[in-house]
Amino acid sequence: MKNKTVKMVLAVVVLGVCCGAYAGVKTYVAHQEQKESEEDSEESTTVFTASTDNIKSLDFMVDDTETTFEKDDDSWVKKDETDFPVNQTTLDSAASAIASVDSDRVLEDVDDLSEYGLDSPSNTIKIVTKSDEEDGDDITTTLYVGDENSSTSQYYVRKDDDEKTVYLIDSSCVEPFTKSLNDYAQMEDFPAISNTDTITKISVDGDNSYELSKDEDTSTWSVKGSEDEEKADSATVSSLVSSFGSMAYSSLADYKCDDKSKYGLDKPYATITVDYQEEVADEDTQDDTTASGETADEDASSVEENSDDAEQDTESDESVSETTDETSEAEDTDGEEAEDETLENSDSASDNEDSSEEETKMADKQLTILVGNETDDSSRYVMVNDSNEVYTMSTDTLSALTDKSEEDFWDMTVSYVSLNSLGSLKVNYQGSDYKVNVSRETSTDDDGNDTETVIYKLNGSDMDETTFTTFYNKLINMTAQKRLTDKYEPDGDAELTATFTEEDGDTQEVAYYSYDTNYYAAVVDNKVYLVNKMNVKELFTAFESVVGTEEDSSDKTDSDEATTDDTKSDSTDTSSESIEESDDSTSETAGTINDSDTSEEENTDSQEKDSTEE
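Everything in this summary refers to the structure shown in the same document.

How each quantity is defined
Residues numbered from 1 in each chain as written. Predicted model: local features only at pLDDT ≥ 70, side-chain atom pairs only at ≥ 80, totals over all residues. Heavy atoms only, no water. Helix = DSSP H or I, 4+ residues; strand = E, 2+ residues; numbered from the N terminus. Buried < 20%, exposed > 50% of the residue type's maximum accessible area, 1.4 Å probe, protein only. 1 Å grid on protein atoms, 1.4 Å probe; cavity = no way out; pocket = protein on both sides within 12 Å on 5 of 7 lines; lining within 4 Å. Points joined across faces, edges and corners; volume = space filled by probe spheres on them. Nonpolar A, V, L, I, M, F, W, Y, C, P; charged D, E, K, R; others polar. Pairing = 2+ DSSP bridges. Polar contact = N/O pair within 3.5 Å; in protein donor to acceptor, adjacent residues only side chain to side chain. Salt bridge = Lys/Arg side-chain N within 4 Å of Asp/Glu carboxyl O. Phe/Tyr/Trp six-rings, centres within 6.5 Å; stacked < 30°, edge-to-face > 60°.

Phi angles above zero are rare outside glycine, and aspartate 73 is one such case at about 60°. Looking at where aspartate 73 falls in the secondary structure, it is placed in the loop between β3 (65-72) and β4 (75-78). A relative accessible area of 70% places aspartate 73 in the exposed class. In the Ramachandran plot, asparagine 385 falls in the positive-phi region, its phi being about 55° despite a non-glycine side chain. Tracing the backbone through its elements, the reader meets asparagine 385 in the loop between β17 (379-384) and β18 (390-394). Owing to a relative accessible area of 39%, asparagine 385 belongs among the partly exposed residues under this scheme.

Moving on to the layout of surface pockets. For the second largest pocket, the calculated volume is near 360 Å³. Lining the second largest pocket are 18 residues, and of these Glu227, Glu230, Arg483, Thr485 and Asn526 sit closest to its centre. Listing elements by their share of the lining of the second largest pocket, those giving two or more residues are β23 (482-484) and β27 (527-532). For the lining of the second largest pocket, the residue count by class is four nonpolar, three polar and 11 charged.

On to the pairing of β4. Here β3 runs beside β4; their pairing, made up of four bridges, is antiparallel. Note on β4: the bridge partner recorded for lysine 71 is tryptophan 76. Once β3 ends, the chain turns through two residues before running back antiparallel as β4, passing aspartate 73 with a positive phi of about 60°.

Note that glutamine 154 resides in strand β8 (residues 154-159). Owing to a relative accessible area of 11%, glutamine 154 belongs among the buried residues under this scheme. Within the structure, glutamine 154 has its side chain in polar contact with the side chain of threonine 152 (distance 3.1 Å).

What follows is about the pattern of salt bridges. The tally for this structure, following the rule as stated, stands at 13 salt bridges. Between aspartate 80 and lysine 78 there is a salt bridge, and its shortest N-O distance comes to 2.9 Å. Classification of lysine 78 as buried rests on a relative accessible area of 4%. Here lysine 78 and glutamate 81 are joined by a salt bridge, their closest N and O atoms 2.8 Å apart. Residue glutamate 81 is classed as partly exposed on the basis of its relative accessible area of 21%.

Here the focus is the packing of aromatic side chains. In the structure shown here, the tally under the stated rule is 22 aromatic pairs. Between tyrosine 429 and phenylalanine 543, the ring centres sit 5.6 Å apart and the planes meet at 75°, which makes this aromatic pair edge-to-face. With a gap of 114 residues between them, tyrosine 429 in strand β19 (residues 422-429) and phenylalanine 543 in helix α8 (residues 533-547) connect regions that are remote in the sequence. Taking relative accessible area as the criterion, tyrosine 429 reaches 5% and is therefore assigned buried. Looking at phenylalanine 543, the relative accessible area reads 1%, which means it is buried. Three or more aromatic residues joined by ring pairs make a cluster, and in this case those are Tyr429, Tyr434, Tyr456, Phe468, Phe471, Tyr472, Phe500, Tyr520, Phe540 and Phe543.

What follows is the structure, given as structure tokens:
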């Protein structure tokens, strides 16, 4: 038992010694690795260096194809396609990145290139530079690119024919050579419309086809699809129109498309056409300006010659008689007047030149966008106008046009008739008829200033203007949340019907029917609008204020109402009473009118009587 205990103690001691030794060795190794790393970081090996101005060409793999870009004077060109639109900035950046390549770690005596991906390089970059000697041959340096060391963001490369030495270089030297061909092409700018106010028509032909057009006289927009042309909502159209000032491509897909079917552009998903105008210089005006400028120069030259001749004449006349002097002075005076006149003509010509240079004219333009298939990055292929280049554009940008229908642009204003053009308004509310006549009188003061006075009469009696205009503004500014496209059959009579008659005789009628718990149906011609129920209730309340039938004042007598405001009409709730007129009173009692023709005749008689008394 004792021996077992001793052996166990010895084993523990030995284990402790071993652990201590291991810890010491580990610390030493870590220290040595850190020391070597610091030494390596202090030393940097130059793999390649050259002046960017001396780089004549870059040859590397692009889309698995060996591609060469070379310098032609100061511009880069694609060797086998001189019409390729090379992006000069991109190639300049690539040349700058490869002009100075350093390595902070060099692996020598490498036996197996496959460990670094250099047995089958991912890219081969050939750099041709000018010789430092004037008559020397060009120098070609080849860098073979292997795997990327993900932990250090560096690439393994070897140089020229040396297969024993591997360098670890920064990724910034390699990444400019890892793009696709179109990344080295210069993208065109999308032909954005600088002044979107000049757009007059937008048409979209696709699954949802529609056309927006602008009235040149009123600047209002209308929309037309499969149905009749209708007024469009100005805010919705304005937002769409302004988008054409900021549209942009996402990327270049094909700089020289010879097969539209690859991008779905042979049978486009949609075709967008925009008509607009653009300021252009008037070439005829510029030609006239040039001629005018030449004439002005000739005139100015003539002035200088006349001036020199006048001075010579004056000097020669000093030696002659007094009579001759007087004659000379007269001639000089005439010469000065001629000179002044010529100078004025010259100044006038110069002013005309400046004015002509600023003259521009508006030219009709059209933008056509073919929209093709979707890409993998939430874009679609597009071709614009007559260009054979294919670009991608964000689906969010395009869907604002292609995913709309005519219904999305409908104006949701139920019935708008300007108060300035209103001649009369008939209202049937809960079975009772009312009519508001609007008259306008113009008076001129002593200073000749005209003042227009608008008079509102309800059933022939004066009424409060503020109360009426409050109701009228609610009526004409009523907007709907949606429109019904299915056939609508009202359930019951309309609660309120308003018929507008404008001064030019045009009429419009709107009828409000109870629809459900949320909406009223407002019917105008063959259009049915669904309007928020609370907004319609507010409209009803405003009209009750006009005719004096508010619920909270239903118990008031007619005499109380008359005392409150002599200019207001009194209204009763009896639908069978007719309107009685009094010879001693200028106001009428507005009741329910069963015979509208009789009411209009009585109102006319009352107005004539009022006019006679005045």
